[in-house]
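# Inside the fold
Okay, here's what each chain looks like letter by letter:
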Amino acid sequence: MGEVGVGGSGSLGPGPEVAAAKLLPFLAPGTRVDLQTAAVRHVLALTGSGPGRELLAGQAALLRALAELAAAPAPAPARDAARALVNLAADPSLHEPLLAADPGLPARLLGRVLDPQWPWAEEAAASLSNLSREPAPCAALMAALAAAEEPGVSGLERLVRALCTPGYNPRAPLHYLGPLLSNLSQRPAARAFLLDPDRCVVQRLLPLTQHPDSSVRRGGVVGTLRNCCFEHRHHQWLLGPEVDILPFLLLPLAGPEDFSEEEMERLPVDLQYLPPDKQREPNADIRKMLIEAIMLLTATAPGRQQVRDKGAYLILRELHNWEPEPDVRAACEKLIQVLIGDEPERGMENLLEVQVPEDVEQQLQQLDRQEQEQLEQECQELAPEPWGERAAPT
Amino acid sequence: MDAFLEKFRSQPYRGGFQENQWEEEFEKVPLFMKKAPSEIDPKESPDLACLQSIIFDEERSPEEQAKTYKDEGNDYFKEKDYKKAVISYTEGLKKKCADPDLNAILYTNRAAAQYYLGNFRSALNDVTAARKLKPCHLKAIVRGALCHLELKHFAEAVNWCDEGLQVDAKEKKLLEVRAKADKLKRTEQRDLRKAKLKEKKEQSQNEALLQAVKARNIRLSEAACEDEDSASGGLAELFLDGLSSENPYGARLSLDDQGRLSWPVLFLYPEHAQSDFISAFHEDSRFIDHLMVMFGETPSWDLEQKYCPNDLEVYFEDEDRAELYRVPPRSTLLRALQHPRYFVKSLTPAFLVCVRSSLFWKNYLQERKVHQI
C-alpha cells in the first residue's frame, strides 16, 4: 500500500522532536479516545514525509505505542495507527527501529491479518507486505508464521487459506496477502511449503492469476508462482497433470483471438474457445512476470518440450502482435526464441540453402554459449520482486 | 425323572428330522443356517426370533442398539449387500441415540452404501447430515466430494476437497479427487464456452442470411401480414423456423464468400407424381443448367422418354390465387424468386416441371390461369 496521507494536518510548530515526544502520553492505552485520535492523526501526518519518518525513527517508545494502538480494539483509533504503520513499513530505513521498538510486531500484525473479524486487516496485511520486502523483517515474519501454527495447520497454510477463501474477512479483501506471499516465497522454507507435492497449495493459488478485482492480488500471486518456478527440480511436477501450471500462466496473456480448429486443439482446454470479449492482463509488470515464469519453466529440456506441446507459442505469437510495452515485447520475443529455436525440423532446410560463412557460424556459436551461460546464471539467482528484494539464491 | 425317561422308551421321538427332508429342516436351525432369512417370522422360526430379540433387545440403550445395527450394516457392507446395509444403518439412525459421533458414522456409512448403489443424491444428503453432527468427519467429506464428482458438480467437488484438506492437508484421496474434479471442471467450462460461441456464430450467420434475403426483395410465404411491424418480426421468426426445419436431405440456405445465396430447391413433376431435390441451387445458375444435368440421362420413371431438357417447361405456382407463372428455362433462380408473386415456402423454393405440349399438362393448365414472366 502506498503512503497514506491525511488531509489538513496541522503544523507541529517549533521543536518537532519535542512535539513528537509530547504526543506519547496521548497514545497510551486508557487515554481519552478523542485525544488518542488527535495524537494518532499527528503521527499519521508525520509518516507521510521523509523527515517525519526520520523523526519517528528515533522515538522507540512512540513507535511501540503506535504499534499497540494499531492492534487495539474499538473505539481506539486503530485504523489511523494501522495506516501510519503502513507508511512506516514502506520505508526500509524504519524497519530496524520498528522491530527494535517492538520485536513482537510481525507476530501481532500476523494475528490481526488472520483474524477474520479484524476490521483493519487490510492495513495489517499491507504493513506486513511492506515489511517483508527486506530480508531481516522477512525472516522475523517467517519465525512468527512458524509460531502461529495451530494444531495441524501451519502459519503459512493459514495465510494461504485467508488468501484463497473469498470473504475470509468480510471487512477486508486482504489483497495485500498476495504481495506478502510473494515476498515470503523468496525464502526456501516458504517455497518448500508451497511446492510440497503431498499438499495442495500452489494448485489453489493458480485460479487467482485471473482474479478480476485486484491487480495487487494478481501480481502477488503471479510473483509467488514465478518464484516457485525457480525450483527446477519441481518443473516436471508443476507442468504435469497434478498441478498443470502452464494454462494458468498463459490464460492472462491470451486475448480474444479465434484460432483455427486445428490450432485450438493444440491449446490446453483452459485456453480453448475464449469469448470475443476476453481481455489480456492489463498490468504490464504482471504480464512480464508471467512470461518470466514460463521462461523459467523452459530451463530444462523436458520443460521446454512440455511448454511447446501445450501450444504456448500460439498464445505468445498473438501477444507479441498485440503487446504495446517494449520490455514485455522483448521478454516475449526471447521466450519465443527459446520455444522455436531448438526445433530441428523447422527452418533447417532454409539454413542449409543459405551459405553460412565459417566466421559467422563461429560467432553464432559463441553467442549461443553466452546466452546459455546467461540463462544458467539467471536460473541460479531468483529474479527480483517488484515489491521486494531478491530472494536468497537457492 | 424316570417317568420322563420312560417316555422316550414308550413313545417315538417326535423332534427328530424327517429322513426325506432333513436338509431343509436342518437349514431352519439357526446354528446351521447358511443364510439368514430376509424376514424373520416368529411363527415359522421361533428360535431365530428369540435370538433376534436378544440382539435387538428393546431394553438395551438406544446407543447399544444403534451400535449393533451399525455392526450389522458393516457386515452387509463387507459382503457388498449394500441394500441390506442401508436398511441396517437406517434402523440404527431410527434409534435416535444421543451419541453424535455414532450417528455421524451411521450417516456416513449409509452414504457409502448409497454411493455404491448409485444413489448419489441420497448419499450426499447423508454426508451433509453427518457433517452437521461432526464437521471435521473426514470420511464424510471424502464421500461428499466423490458424490459431487459423480453428479458432475465439479466446482462443488473441488470445494469439498479443499474443506477436507483443511482437516488433513495430505489426505491422498482428496488430493486425487481434487485434481480429477478440477480437470473435469475446466473441460466443462471449455465445452460451455464452445457451445456459446457456436450459438453466437449461428445467430450471426442466420442474421446475414436474413439480410441477404431481404436485400434481394425475395418474399417468404405467409410473411405477408397485414401491418408492417409484425411483418418484419414475423419474417425473422418464419425465417428461423425455415432454417431449423430439417428437410430430408439436411440441406439449407447458404451464403458463399462472394455474398451469393444457394437455395435448396424442389422440382416437382406432377405428371408422374415425382420430384427431385437440388440441395444447393446457386441463385445465379439458370434452370436449364440444372435440367441439362438432371435429364442428361432419362430418369427411370420416364418410360415414354419424353423428358428431354429442351422440351421442358418450368412454372411456379401462386398458391393464393391458384395461378401459374411460366419461368423461361434460361432465367436464373434469382430472377424467378424476385418475381412479385413468388413466395418461398419453408426456405425451399419449389417449381413445377413438365413436358411442353404433353396431354397431361394441357389438361392441368386448363384449370389454371397462366402468366408469362
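Residues numbered from 1 in each chain as written. Chains lettered and ligands numbered in written order. Predicted model: local features only at pLDDT ≥ 70, side-chain atom pairs only at ≥ 80, totals over all residues. Heavy atoms only, no water.

### Digging into the overall build of chain A
Here is the rule we go by: Helix and strand labels come from DSSP, where a helix needs a run of H or I of at least four residues and a strand needs a run of E of at least two; each type is numbered from the N terminus. Type-normalised accessible area, obtained with a 1.4 Å probe on protein chains alone, sets the label of each residue: buried when under 20%, exposed when over 50%, and partly exposed for intermediate values. Contacts are assigned to residue pairs with any non-hydrogen atoms lying within 4.5 Å of each other. The accessible surface values rely on the Shrake-Rupley method and a 1.4 Å probe; as for residues, cover is taken only from the protein chains in view.
When helices and strands are counted, chain A shows 23 helices and 0 strands. Buried residues in chain A amount to 51% of all 394 residues. Looking at chain A alone, contacts between residues at least 24 apart form 70% of all its contacts between residues at least 6 apart. Surface exposure of chain A reaches about 17800 Å², of which carbon and sulfur atoms provide 54%.

### Points about the overall build of chain B
Helix and strand content of chain B: 14 helices and 9 strands. Here chain B holds 373 residues, and the buried ones make up 37% of them. Expressed as a percentage of contacts within chain B between residues at least 6 apart in sequence, the contacts between residues at least 24 apart total 57%.

### Some points on the interface of chain A and chain B
Here is the rule we go by: Buried area: the accessible area, evaluated with a 1.4 Å probe, that two parts lose upon being put together, summed over both parts. For this analysis, a salt bridge means a side-chain nitrogen from Lys or Arg found within 4 Å of a carboxyl oxygen belonging to Asp or Glu.
On the chain B side, the residues contacting the 20 residues of chain A number 14 residues. Both sides of the chain A and chain B interface together cover about 1700 Å² of buried area, and 52% of this is carbon and sulfur. Area buried by chain A at its contact with chain B is led by Asp198, Val269 and Tyr273 of chain A, which between them contribute 32% of it. For the pair chain A and chain B, the interface holds 4 salt bridges.

### Some details on the pairing of strand S8 (residues 350–355) of chain B
All names here are of chain B. Test applied: Two strands are counted as paired when DSSP detects at least two bridges linking them.
Where burial is concerned, most of S8 is hidden: 5 out of the 6 residues are buried. Sheet topology places strand S5 (residues 312–318) next to S8; 4 bridges connect them, and they run antiparallel. Residue pairing across strands places Glu313 opposite Cys354, the latter belonging to S8.

### Comments concerning unusual backbone geometry
Leaving glycine aside, a negative phi is the common case for residues, and trans is the common case for peptide bonds. A cis amide bond links Ala74 of chain A with the next residue in sequence, Pro75 of chain A, at an omega value of 10 degrees. The phi angle at Lys152 of chain B is positive, at roughly 65 degrees, despite the residue not being glycine. Tracing the sequence through the fold places Lys152 of chain B in the loop between helix H8 (138–150) and helix H9 (154–167).

### A closer look at the pattern of salt bridges
Tallying each qualifying case throughout the model produces 46 salt bridges over all chains. One salt bridge connects Asp91 of chain A with Arg53 of chain A, and the closest N-O pair in it is separated by 2.9 Å. Of this pair, Asp91 of chain A sits in the loop between helix H5 (78–89) and helix H6 (95–101) while Arg53 of chain A sits in helix H3 (residues 50–57), placing them 38 residues apart in sequence. Judged by its relative accessible area of 15%, Asp91 of chain A falls in the buried class. A single network of salt bridges, built from pairs that share partners, joins Asp244, Asp270 and Lys310 of chain A together with Asp182, Lys185 and Arg186 of chain B.

### Description of the UniProt feature "domain: Protein HGH1 N-terminal" (unreviewed entry) in chain A
The following threshold applies: UniProt positions are given in the numbering used here, feature names are shortened, and annotations may be inferred rather than shown by experiment.
As annotated by UniProt and renumbered to match this structure, "domain: Protein HGH1 N-terminal" (unreviewed entry) occupies residues 113–288 of chain A. Each end of residues 113–288 of chain A is marked by a C-alpha atom, and these two atoms are 29 Å apart; helix forms 52% of the span and strand 0%.

### Considering the environment of Arg218 of chain A
Residues and elements named next belong to chain A. With respect to the secondary-structure elements, Arg218 resides in helix H14 (residues 215–229). Using a relative accessible area of 7% as the deciding quantity, one classes Arg218 as buried. Once residues within four sequence positions are removed from consideration, Arg218 is found in contact with Leu208, Thr209, Gln210, His211, Pro212, Glu281, Pro282 and Ile286.

### Observations concerning the domain arrangement of chain B
Spelled out, the test is: The split of the chain into domains comes from an automatic or database domain assignment.
Taken as a whole, chain B is organised into domain 1 (60–187) and domain 2 (245–372). Between the C-alpha centres of domain 1 of chain B and domain 2 of chain B the distance comes to 68 Å.

### Side note on the packing of aromatic side chains
All names here are of chain B. Our working rule: Aromatic pairs are defined between Phe, Tyr and Trp rings, using the six-membered ring for Trp, whenever the two ring centres lie within 6.5 Å; interplanar angles under 30 degrees are classed as stacked, those over 60 as edge-to-face, and all others as tilted.
Here the structure, examined in full by the defined rule, presents 22 aromatic pairs over all chains. Judged by centre distance (4.7 Å) and plane angle (70 degrees), the rings of Phe287 and Phe351 are edge-to-face. Placement of the pair is Phe287 in helix H12 (residues 287–294) and Phe351 in strand S8, with a sequence separation of 64 residues. Each member of the pair, Phe287 together with Phe351, is buried. Ring centres of Trp361 and Tyr364 lie 4.9 Å apart, and the angle between their planes is 15 degrees; this geometry places the pair in the stacked category. Here Trp361 and its partner Tyr364 are both found in helix H14 (residues 359–366), 3 residues apart, which amounts to about one turn of the helix. Residue class for Trp361 comes out buried when judged on its relative accessible area of 2%.

### With respect to the UniProt feature "domain: Cns1/TTC4 wheel" (unreviewed entry) in chain B
On the UniProt side, "domain: Cns1/TTC4 wheel" (unreviewed entry) is annotated at positions that read residues 256–355 of chain B here. Across residues 256–355 of chain B, the secondary structure splits into 13% helix and 38% strand, with the terminal C-alpha atoms separated by 33 Å.

### A closer look at the side chain of Gln203 of chain A
If you trace the backbone, Gln203 of chain A turns up in helix H13 (residues 202–205). Overall, Gln203 of chain A belongs to the buried group, its relative accessible area being 11%.

### A look at the packing of helix H9 (residues 135–147) of chain A against helix H11 (residues 177–184) of chain A
Residue and element names in this part refer to chain A. As a reminder of what qualifies: All axes here are fitted lines through C-alpha atoms, helices being fitted over the stretch that makes contact, and every angle between N-to-C directions spans 0 to 180 degrees. Any angle that is under 35 degrees is reported as roughly parallel, and any over 145 degrees as roughly antiparallel; angles of 65 to 115 degrees are reported as roughly perpendicular and all others as oblique. Nonpolar residues are Ala, Val, Leu, Ile, Met, Phe, Trp, Tyr, Cys and Pro. Charged residues are Asp, Glu, Lys and Arg, and all others, Gly as well, are polar.
For the pair H9 and H11, interaxial distance at closest approach is 10 Å and the crossing angle is 105 degrees. If you check the angle between H9 and H11, you find them roughly perpendicular. Along its contact with H9, which presents Cys138, Leu141, Met142 and Leu145, the element H11 presents Leu180, Asn183 and Leu184. Across the contact of H9 with H11, the residue classes break down as 6 nonpolar, 1 polar and no charged.

### Some thoughts on the environment of Pro77 of chain A
Residues and elements named next belong to chain A. Relative to the helices and strands, Pro77 is located in the loop between helix H4 (60–70) and H5. Residue classification places Pro77 among the buried positions, given a relative accessible area of 10%. Residues Pro77 and Asp34 lie 43 residues apart in sequence; the distance between their C-alpha atoms is 8.8 Å. Residues in contact with Pro77, not counting those within four places in the same chain, are Gln36, Thr37, Val40 and Leu69.

### Concerning the confidence of the model for chain B
All names here are of chain B. The cut-off we apply is this: Residue-level confidence of the predictor is what pLDDT reports, using numbers from 0 through 100.
Of all residues in chain B, 85% have pLDDT values of 70 or greater, and the mean over the chain is 85. Taken together, the stretch residues 223–232 has pLDDT below 50 and engages in 5 contacts with residues farther than four places along the chain or on a different chain. Across the interface, the model reports ipTM at 0.77; the global pTM reads 0.74.

### A short note on helix H4 (residues 62–78) of chain B
Residues three or four positions apart in an α-helix share a direction because the helix packs 3.6 residues into each turn. Residues and elements named next belong to chain B. Stated formally: By definition here, a helix of n residues has an expected span of 1.5 Å times n minus one.
Taking 1.5 Å of rise per residue, the 17 residues of H4 would be expected to cover 24 Å, and the 24 Å separating its terminal C-alpha atoms lies within 8% of that figure. Taken together, the buried positions of H4 are occupied by Gln65, Ala66, Thr68, Tyr69, Lys70 and Gly73. Positive phi appears at Lys80, one or two residues downstream of H4, with a value of about 65 degrees.

### Describing H14 of chain A
All names here are of chain A. Selection rule: Whenever a nitrogen or oxygen atom comes within 3.5 Å of another N or O atom, the pair is scored as a polar contact, on the condition that within protein one atom can donate a hydrogen and the other can accept it, and that pairs from neighbouring residues in sequence are kept only if both atoms are in side chains.
Taking 1.5 Å as the rise per residue, H14 with 15 residues should run 21 Å; its terminal C-alpha atoms sit 20 Å apart, in good agreement. The buried count for H14 comes to 13 of 15 residues, which makes it a mostly enclosed element. In this structure Ser214 caps H14, since a side-chain oxygen of it lies 3.1 Å from the backbone nitrogen of Val216.

### With respect to the state of the cysteines
Disulfides are covalent bonds that connect the sulfur atoms of two cysteines. Operational definition: Sulfur atoms of two cysteines make up a disulfide when they are within 2.5 Å.
One pass over the structure, following the stated rule, counts 0 disulfides over all chains. Free cysteine Cys147 of chain B: the closest other cysteine sulfur is in Cys161 of chain B, separated by 12 Å.

### Side note on a nonpolar patch on the surface
Residues and elements named next belong to chain B. Quick note on the threshold: The patches reported here contain residues having more than 30% relative accessible area and no salt bridge. Joining distances are 9 Å for like charges and 5 Å for nonpolar side chains (Val, Leu, Ile, Met, Phe, Trp, Tyr).
Taken together, the side chains of Met1, Phe4, Leu5 and Phe8 make up a nonpolar region of the molecular surface, amounting to roughly 460 Å² of accessible area. By secondary structure assignment, the location of Phe4 is in helix H1 (residues 2–10). Its relative accessible area of 44% is what places Phe4 among the partly exposed residues.

### Here we look at the nonpolar core
Put simply, the test is: Nonpolar cores are built from buried Ala, Val, Leu, Ile, Met, Phe, Trp, Tyr and Cys residues. Side-chain atoms within 4.5 Å join them into one set.
Leu159, Leu184 and Ile245 of chain A are the most contacted members of the largest nonpolar core, which has 116 residues in total. Per-element accounting of this core gives the leading share, 9 residues, to helix H18 (residues 284–297) of chain A. Not counting chain neighbours up to four residues away, the residues in contact with Ile245 of chain A comprise Leu206, Leu225, Cys229, Leu238, Leu239 and Leu297 of chain A. In this structure, Leu220, Val265, Leu347 and Val355 of chain B belong to the second largest nonpolar core, which totals 33 residues.

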